[in-house]
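Breakdown of the fold
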Amino acid sequence: MTAQRRELTHETTEGPVFSIVAPVYNEEETIAHFYQRVVDVMESLGESFEIVLINDGSRDGSNRVMAEIHERDPRVRVVEFSRNFGHQIAISAGLDYARGQCVIIIDSDLQDPPEVIPAMIERWRAGAEVVYAQRAKRVGETRFKLLTASIFYRLIARLTAVDIPRDTGDFRLLDRSVVDSLVAMREHHRFMRGLSAWVGFRQEAVLYDRRERFAGTTKYPFHKMLRFSVDAITSFSHVPLQLATTFGFVLAGISLLGILVAVILRIMHGAIVGQATTLILVLFMGGIQLIFLGVIGEYLGRIYDEVRARPLYIVRKVLEETK
Ligand code: UDP
Ligand code: MG
């Protein structure tokens, strides 16, 4: 049934069949190679496609390289942000601009090999609406990255009700129906792989080996990864807020026991443990309270961001063929 529907839309819509969406942030050495490899793969499929590059406020020569590519090949559209808005926002903008019947999100640093795309498309043709690429192996990444990534996926699985598949990045194919539902969601702290799991639809995995970066270094330093994780957790879970209640009950229980012990000690020995205990307890309670104030603050700040309802990103310029 899905195959038939796709046949039909193919005849009637104006856009290309496939959109490749790639966020670009200071990738001047890589971008031309990326373009070439994507084009080689896509041309071998023999159907129309476009490449939507989102320039997320690059400060190197990426912009010039992308403009050159666009000049040579009008299938490449370039959306230039007014500044760096972040990876997840860049992907979201790509979905806003993509016109294809299905959209493939891929990193521009060649860590996601474009050669996996045909396998994803095959699944799509067979009826899948979300095809995510799942990492079988990761080469060339630091132990620290692998460790933090594994902790992150475990934590997310524990804390959230949505089933976010493990070891998947943003490398995935989305059917037009999925893209439309994602585009309708304008929340500011966007964890795209969570959102694309949340929308449902028929999801399937394709396995691949994650490569090393072609050039340059990661644009995700530790503090950005931390932000990213907090965004992911707060977007999909209230557990951190509810933990305060659990802690409260546990501590109240312990303090009841403490009272009992104090009374017994008093009766038996006539003395109660001294000042140090009091000091430790006060500091401990103060610490816990501050932590939970911080947790509330995280959620409150996000509510504030949503209420202001600023646009997700600001575009300086779009390079595309005008019809
Ligand atoms: N990126 C972006 N904006 C940013 C950071 C990264 O558009 O603020 C792009 C970057 O060019 C790359 C992709 O997002 O194509 C993934 O970033 P990176 O490779 O640095 O992350 P990692 O693969 O190390 O997790
Ligand atoms: Mg990368």
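You'll find the structure just up there.
Let me sum up the structure you'll find in this document. If you're wondering where the values come from, they're calculated on a predicted model, not measured in any experiment.

Counted residue by residue, strand β2 (residues 49-55) has 7 buried out of 7 residues, so it is predominantly covered. Here β2 shows a buried face lined by Phe-49, Ile-51, Leu-53 and Asn-55 and a second buried face lined by Glu-50, Val-52 and Ile-54. Of the strand pairs in this sheet, strand β1 (residues 18-24) and β2 are connected by 7 bridges, and their pairing is parallel. For Val-24, the partnering residue across the bridge sits in β2 and is Asn-55. With helix α2 (residues 31-45) bridging β1 and the parallel β2, this β-α-β connection has right-handed handedness. Examined bridge by bridge, β2 and strand β3 (residues 76-81) share 5 bridges and lie parallel to one another. Of the residues in β3, the one forming a bridge with Leu-53 is Val-78.

Taken together, 19 residues lie near ligand 1, and Glu-27, Asp-56, Asp-109, Thr-218 and Lys-219 sit nearest. Backbone polar atom of Pro-23 to an oxygen atom of ligand 1: 3.2 Å apart, as the coordinates give it. Burial of ligand 1 by the protein amounts to 95% of the accessible area it has alone, namely 530 Å². Partitioning the shell around ligand 1 into residue classes produces 4 nonpolar, 6 polar and 9 charged.

Turning our attention to the coordination of the magnesium ion (ligand 2). Taken together, the protein donors to the magnesium ion (ligand 2) comprise Asp-109 (OD) and Gln-111 (OE1), at separations of 1.9 Å. Considered together, Asp-109 and Gln-111 belong to a single accessibility category, that of buried residues.

We now examine the packing of helix α9 (residues 222-236) against helix α11 (residues 275-308). In contact at an axis separation of 11 Å, α9 and α11 are set at 80° when each is read in the N-to-C sense. One finds that α9 runs roughly perpendicular with respect to α11. Facing Arg-227, Val-230, Asp-231, Ile-233 and Thr-234 of α9, the residues of α11 in contact are Glu-298, Tyr-299 and Arg-302. Split into classes, the residues belonging to the contact of α9 with α11 amount to 3 nonpolar, 1 polar and 4 charged.

All right, on to the packing of α2 against helix α5 (residues 117-125) then. At their nearest, the axes of α2 and α5 sit 10 Å apart, and the two run at 40° to each other. Considering the angle they form, α2 stands oblique to α5. Side by side, α2 and α5 meet where Val-41, Met-42 and Leu-45 of the first sit next to Ile-117, Pro-118 and Ile-121 of the second. When the residues that make up the contact of α2 with α5 are grouped by side-chain class, the tally is 6 nonpolar, no polar and no charged.

The strand order across the open sheet formed by 8 strands is β7-β5-β6-β4-β1-β2-β3-β8, and the pairing between neighbours is mixed. Each end of this open sheet is capped by a strand with a single partner; those strands are β7 (203-210) and β8 (315-319). Averaged over neighbouring strand pairs, the angle between their axes works out to 20° when direction is ignored. The strands touched by helix α7 (residues 176-183) within the sheet are β4 (102-105), β5 (130-138) and β6 (168-175), with β6 carrying the most contacts at an inclination of about 115°.

All right, on to the nonpolar core then. Core analysis: the biggest nonpolar cluster contains 38 residues, and Phe-81, Leu-95, Leu-174, Leu-182 and Phe-191 have the highest contact counts within it. Looking at this core element by element, the count peaks at 5 residues for helix α4 (residues 87-97). Ranked by size, the runner-up nonpolar core spans 36 residues in total, among them Val-41, Ile-121, Val-131 and Ala-133.

Let us look at unusual backbone geometry. Within the chain, Asn-26 stands out as a residue other than glycine whose phi angle is a positive 50°. Summarising the element assignment, Asn-26 is placed in the loop between β1 and α2. Its identity is not glycine, yet Asp-167 carries a phi of approximately 55°, on the positive side. Position of Asp-167 among the secondary structure elements: in the loop between α6 (143-159) and β6. Judged by its relative accessible area of 29%, Asp-167 falls in the partly exposed class.

Definitions and cut-offs
Residues numbered from 1 in each chain as written. Chains lettered and ligands numbered in written order. Predicted model: local features only at pLDDT ≥ 70, side-chain atom pairs only at ≥ 80, totals over all residues. Heavy atoms only, no water. Buried < 20%, exposed > 50% of the residue type's maximum accessible area, 1.4 Å probe, protein only. Helix = DSSP H or I, 4+ residues; strand = E, 2+ residues; numbered from the N terminus. Pairing = 2+ DSSP bridges. Right-handed = clockwise from strand over helix to strand, strands pointing away. Near = heavy atom within 4 Å. Polar contact = N/O pair within 3.5 Å; in protein donor to acceptor, adjacent residues only side chain to side chain. Areas by Shrake-Rupley, 256 points an atom, 1.4 Å probe, with all protein chains shown as cover. Nonpolar A, V, L, I, M, F, W, Y, C, P; charged D, E, K, R; others polar. Donors = N, O, S within 2.8 Å, 3.2 Å for Na, K, Ca; no water. Axes fitted to C-alpha atoms, helices over the stretch in contact; angles between N-to-C directions. Parallel < 35°, antiparallel > 145°, perpendicular 65-115°, else oblique. Contact = heavy atoms within 4.5 Å. Core = buried A, V, L, I, M, F, W, Y, C linked by side-chain atoms within 4.5 Å.

By themselves, these are just geometric observations and shouldn't be taken as functional.
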